[in-house]
Structure formats: structure tokens, C-alpha cells
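Summary of structural features
One letter stands for each residue in the lines below.
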Amino acid sequence: MNAILKNKLIRIVSFLVVIMTSFAFVLPSLVDWAMVARIREEGLQHSKVMEYESYIVDVLGARLTLSKDMQHAQVWALDEMKKMGLSQVNSESYMDYGVTWDNEYVSVHMLAPDYSPLTAYPVAYTASSKGKVNADAIIVDLQTKDDMDALRGKLSGKAVLISNPVAIDLQTLTNGVHRYNNDELISIEQTTIVPIKPKPARVISNPTAITAVERIAFLKSENVAVVLQTDGNRLGIVPAYSRPGVREDGWSAAGMQNSVPILAVTPEHYNRMYRILKRGIGVKIEVEIRNKIGDKVEQAMNLVGEIPGKDPKEGVVMVGAHFDTWHGSPNASDNSSGCAVALEAMRILKTLGVKPKRTIRIALWSGEEQGLYGSRAYVKKHFGDPRNSSIGVKPEYDLLSAYFNQDYGAGQYRGIYLQGNEAARPMLTAWMEPFHDLGMTMVSNQSLGSTDHVSFDEVGLPGFQFLQDRTPGTAGHTNLDYLEGIQPEDLMKNATIMASYIYHAAMADEKIPRKSIQ
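As a starting point, this report considers the structure included with it.

Another aspect to go through is unusual backbone geometry. A cis geometry characterises the amide bond from Ala112 onward to Pro113, with omega recorded as 10°. Following the sequence through the fold, Pro113 ends up in the loop between strand S2 (101-112) and strand S3 (116-117). Along the chain, Asp334 connects to Asn335 via a cis peptide bond; the corresponding omega equals 5°. Within the secondary structure, Asn335 sits in helix H11 (residues 332-351). Here Tyr125, not a glycine, exhibits a phi torsion of approximately 65°, which is positive. Inspection of the secondary structure assignment puts Tyr125 in the loop between strand S4 (120-122) and strand S5 (133-139). Residue class for Tyr125 comes out buried when judged on its relative accessible area of 1%. The phi torsion at Trp251 lies on the positive side, around 50°, for a residue other than glycine.

Below you can see the structure in the form of C-alpha cells.
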């Protein structure tokens, strides 16, 4: 080998050694490995996450926003935060939400041509039945004003089926639900954001079509006994949602009392009645629904608590999940699991006696299922909105480092979404390194919507949601979302990872970088 080539190789090798040494020095400096070891020991060997999860699911149950059930559950959560030793534990009202609504009783049976109990739940914010009612069922195809004219005077006292029958998802039944494999994670990680969004297709409305609100109002005027519908496509599952128009009338007592009773029925039971009626054979049902409607407008609440930071000027790191659920079940996955993980992450850090540089604040939101009402109101009040000149930026805007959220089921964390914030990649990637053995390996530049981190992200504040495995039993928004669908090891891992992330964000030399507001 000649001297010139030899000298070049020496310089290249020396350069690589310097670079590798630099990375070996810089990357570990972002991770407090001694604290990670303590967090892992507490979170994986002394976990209490399933104690939180089980109590929330088994004892507290469903927690529809501004229901009596929700108010009772919030009292418990505040008490738990205080027992944990958090500071500034408080409930914060954010809007005049409307009146309370709670389902107290539902009983539905097909009496003829064959007896069968039916699985069904009342749609939220609807009226009770007029006691125990026996009614003949009828299929009603009600799409236009002409349909209304044709049906007028023919529906009084009937149980009306307003949905088309649905096809059952047999593929999931056959193949089950699998966790992400490596190829799928790589695909998610390597997907790039497409900057140009196509324009939506032009839609021309049908002037004779009626809205869902108009349909229910017509059925009410025709004095139907009960409305039956189905929305799911999986056996045994009843999705639980709210009646059309409830936002427009502000969850009012009048809107609820003037509604018809509406039942969501599991698809196999609904389809059976539909097929019988199509044969020209009569179907008779018995139904009794008792919904308790409040008599005064009340305010909806978020819950907060803190581990105080050593220097208020260093700001705050937030962790949270939505405490509200739909009413058909305790919603073990969506989002009791997220609340249990957030509480456990705070418990881990309090047990370890951490003294963070920045304040670490937990928030348990309400109103998420209705449209992120709680978190959006909180962000507006505490941080402001630079997009809106009438609100502007509040003094706390510059103090927030980041908000970390759990939603989208109870599966274990496999990665984190950057929400397009590439500047945050080095920190979020480094904090992931201690948990590669737990399957936490992926950082994607993609954005995820439809849950509370969006309230932060849309005003330019760093808000992040973890990528989670899809696992069997995570039947969010349905009657089947119970503790039996939860895999404890997943929640233990999640709480441990969450505790580490919020700790490192609270102790980092710099706040997490922000992206530009779109």
C-alpha cells in the first residue's frame, strides 16, 4: 500500500472514531440511565397500574361526559391524586355543557315469532320509553321528504328499524387481531408526509333528502314507540354513540326529553329481525328504557395534579388521557387504560421521589368523545392560540415543553408519532433507546389525529401520541370493552415508558423544539 493511500485511510478512520466517540458521548447524555433503571424496577416489578385499571373499570364503570357516573368517578380520581401526593390537585370547569344524562335500566326482548332476549343499549341523550312497551316492529326506509309523506300516520306505537342490515366482519373472526410485526413498523416509520392534499370531490346535495335530525323529529311527531338501529359489523358488539342534533341543542333537557327512545342493537339480533320482517312475518318486541335526565345546566370538568418543578421559569411537561367514555360499558381500553397509565406514571415518579427541573402535570380530560372539548378549552385558557387574534398567546404558552397522551386502545407502545415535528426526533429517539427490549423502536414523522394531543399540536405546542399495538378485546366505544380484554403486561410497559419520557422531558437542558404552525 503506497504512503498517500495509507495516510488517507488513517485520516478516514480517525474521523470515524471521532464521530463515533462523539455520538457515544452525546446520545447517552440525553438519557439518565440510572433513573431509567429505577423507573423500570418500580414500573415493571412493583406496578399498580392494574389496580387503577380494575377500579376504574369494575367499580366506577362507564363515564359519559357530564353524567352522574362521571361526576362520581372524578371525585375518586381527585382523591387518588391527593393520596399519591400530587400538588395543585384540582378540577377545572371549562364550559356550560348541558344537563346530566344517565341510563339506569334497559330491557329488550323479541316476543314473536320466537322469544329471544336482545342485546341493545340506548343511544346517549335520548328519552325513556313510556314504561314497559309491547310494539310491532316495522322496517322504515326514511331518506326523503317524499318518504315522510308516504309514512305519515302509519307509525304510531311501532318499533321502527331504520338501519339497513350490516355484513359481519368474518375476517377478524377467522384471523384474529395481530400485533404489529417488524415489516409493518418499518413501513410506518418510513412513510413520508405528502405535502399536497388533494381537493375534496364536489358534492351536490339532494334537495329532497332529509337530515338525521329531521328523521328523528318526524318519528317523534308520528309517536313511534322506539327506534332501533345498528352500527357495528362485529358479532356481539353494540357501538354506543349519541342522538343526532345533541350538539346543536347544547345537551339540553328539552332536546333529550323531546327525543324518541333510540336503541342501538347488536348486528346479529338486528339482522335477524330485519330478515324475518322481509319474509312478511310479524315481529313483536318488548322494551323498557329508563334514562335519568338532569334539570339544570352544569359545567363539565377536567382534572389536574402536579409534581412541582424546582424552577417555575423552566416550565411544565404534561401527561394525560381522556377520562370520559361512552355509556355502553366501562370502556377498559378506551380510555380507562390511558388514565390508568397516566396515573401510574405519576405514581412511579412520586414513589421514586423525583425533584424535576420542570413541573410535571397530569390532566384527565372530559368531553374528548364529543370533540376534544375539555383539552381544547384547557389549551385555550392556559396557553392561548396564536392563530386567533381574539385569544392570542397566554404567558404560559412559552413554558410548555410537551404534552404526552395515551389513547387508541390498551396495546403496548411500539413507537411515537412526531406529528411532523422533525426537530423533536433526536430527543424522542434517544429516550426510546432504553426500551428497545420492550418493543419500543419506531419514530414516525406522521401525524395522528382525533384525540387530545391534537389540541396542543394545532396551536403549535408539542403534543405527542404513542403508536400502540392493536390487540384482541380492544372494542372501544362498545358494550364489550371490559377488563377481560386488557393485557396487564402492555399497561405495565406503557406506564414505565411514559414515566421515563415525562421525566426526561422535565429534566432536559432544553425544552422540546416546536414546529411551525400550519
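So that's the structure; there's more coming.
Take the pattern of salt bridges next. One pass over the structure, following the stated rule, counts 22 salt bridges. Linking Asp79 and Lys83 is a salt bridge whose minimum nitrogen-to-oxygen distance equals 3.4 Å. Residue Asp79 and its partner Lys83 are both found in helix H4 (residues 68-84); the two are separated by four residues, about one turn of the helix. The network of salt bridges with shared partners includes Arg179, Arg414, Asp469 and Asp490.

Along an α-helix, a turn takes 3.6 residues, which lines up residues three or four apart on a common side. Across the 20 residues of H11, 18 count as buried, placing the element largely inside the fold. Gly353 occupies a position one or two residues after H11 and carries a positive phi of about 70°.

What follows concerns the packing of helix H3 (residues 49-60) against H11. Two numbers describe how H3 lies on H11: the axes approach to 8 Å, and their chain directions differ by 140°. Of the possible angle classes, the one that applies to H3 and H11 is oblique. For the pair H3 and H11, the crossing hand works out as right-handed. On the side of H3, the interface is formed by Val49, Tyr52, Glu53, Ile56 and Val57, while H11 contributes Ala332, Ser336, Ser337, Cys339, Ala340, Val341, Leu343, Glu344 and Arg347. Residues that form the contact of H3 with H11 fall into these classes: nine nonpolar, two polar and three charged.

To continue, consider the sheet that holds strand S8 (residues 262-265). An order of S3-S2-S9-S5-S6-S7-S8-S4 is seen for the eight strands of this open sheet, with the pairing classed as mixed. The sheet is open, and its two borders are formed by S3 and S4, each paired with just one other strand. The pairing of S5 with strand S6 (residues 159-161) spans three bridges and is classified as parallel. When the sheet's bridge partners are listed, Ala137 is paired in S6 with Ala159. Against the sheet, helix H10 (residues 267-278) engages S2, S3, S5, S6, strand S7 (226-229), S8 and strand S9 (284-293), with an angle of about 70° to S5.

The rules behind each value
- Residues numbered from 1 in each chain as written.
- Predicted model: local features only at pLDDT ≥ 70, side-chain atom pairs only at ≥ 80, totals over all residues.
- Heavy atoms only, no water.
- Helix = DSSP H or I, 4+ residues; strand = E, 2+ residues; numbered from the N terminus.
- Buried < 20%, exposed > 50% of the residue type's maximum accessible area, 1.4 Å probe, protein only.
- Salt bridge = Lys/Arg side-chain N within 4 Å of Asp/Glu carboxyl O.
- Axes fitted to C-alpha atoms, helices over the stretch in contact; angles between N-to-C directions.
- Parallel < 35°, antiparallel > 145°, perpendicular 65-115°, else oblique.
- Left-handed = near helix turned anticlockwise from the far one by under 90°.
- Contact = heavy atoms within 4.5 Å.
- Nonpolar A, V, L, I, M, F, W, Y, C, P; charged D, E, K, R; others polar.
- Pairing = 2+ DSSP bridges.

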